[in-house]
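# Structural overview
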Amino acid sequence: MTFKELCEARYSVRSYKDEAIPAEKLEYIKECARLAPSAVNKQPWKLHFITSEAGLEKVCASYNRDWIRTAKAVIMVVAQKDAAWVRANDGKYHGDIDAAIITEHICLAAAEQGLGTCWVCNFDAALCHKEFSLAENEEAVVLIPIGIPADEKTQKKRKDISEIWVENI
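Our subject in this report is the structure included herewith. Predicted model only: the values in this text are computed from it and were never measured.

### So, the side chain of Gln80
Assignment of secondary structure puts Gln80 in strand β2 (residues 73-80). According to the relative accessible area criterion, Gln80 is buried, its value standing at 17%. A polar atom in the side chain of Gln80 sits 3.5 Å from the backbone nitrogen of Trp45. Setting aside residues no more than four positions away along its own chain, Gln80 makes contact with Gln43, Pro44, Trp45, Lys46, Asn137 and Glu138.

Encoded structure:
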């Protein structure tokens, strides 16, 4: 599969089969995540792999949507705020950017392995912080439900390239 084919294959899965993630596929995804780049190679993240019933209930409390209850696992991407690089000339914090990079590595690796994921950012981060006893310097940035898709891929809606590509010659 080419990278373009992988990008075309990946979609936001919102229904998962009641099946465990094969261990070898999970190990592959973990290694792809480990290889993700970050600003100044700070790697300011922790990945919480949530599979227990109690943990999944905490996730559902912070994101109360029926579809997420079908996931048998959720990866919580946590930024370590004091470990992220900050650009000196304007104070730009890169922890969120680094979290986005590792999240997409996870989502693309999962898609390559025939698994489904979905970026979830619209959750109660403060509740997640409390329920998962995150340290003061940690911030839950993204929840990634992951598993074997039970739904069908939908047509992606993307802007035309002319709407997003600007050439400055």
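### Some words on the pattern of salt bridges
Applying the stated criterion across every chain, the model contains 6 salt bridges. In this structure, Asp18 engages Lys72 in a salt bridge whose closest nitrogen and oxygen atoms are separated by 3.4 Å. Residue Asp18 is found in the loop between α1 (3-9) and α2 (23-34), and its partner Lys72 is found in the loop between α3 (53-62) and β2; the two are separated by 54 residues along the sequence. Judged by relative accessible area, Asp18 falls into the exposed class, the value being 65%. The exposure class of Lys72 is partly exposed, given its relative accessible area of 36%.

Rules behind the numbers
- Residues numbered from 1 in each chain as written.
- Predicted model: local features only at pLDDT ≥ 70, side-chain atom pairs only at ≥ 80, totals over all residues.
- Heavy atoms only, no water.
- Helix = DSSP H or I, 4+ residues; strand = E, 2+ residues; numbered from the N terminus.
- Buried < 20%, exposed > 50% of the residue type's maximum accessible area, 1.4 Å probe, protein only.
- Polar contact = N/O pair within 3.5 Å; in protein donor to acceptor, adjacent residues only side chain to side chain.
- Contact = heavy atoms within 4.5 Å.
- Salt bridge = Lys/Arg side-chain N within 4 Å of Asp/Glu carboxyl O.

No statement about biological role is implied by the geometric values presented.
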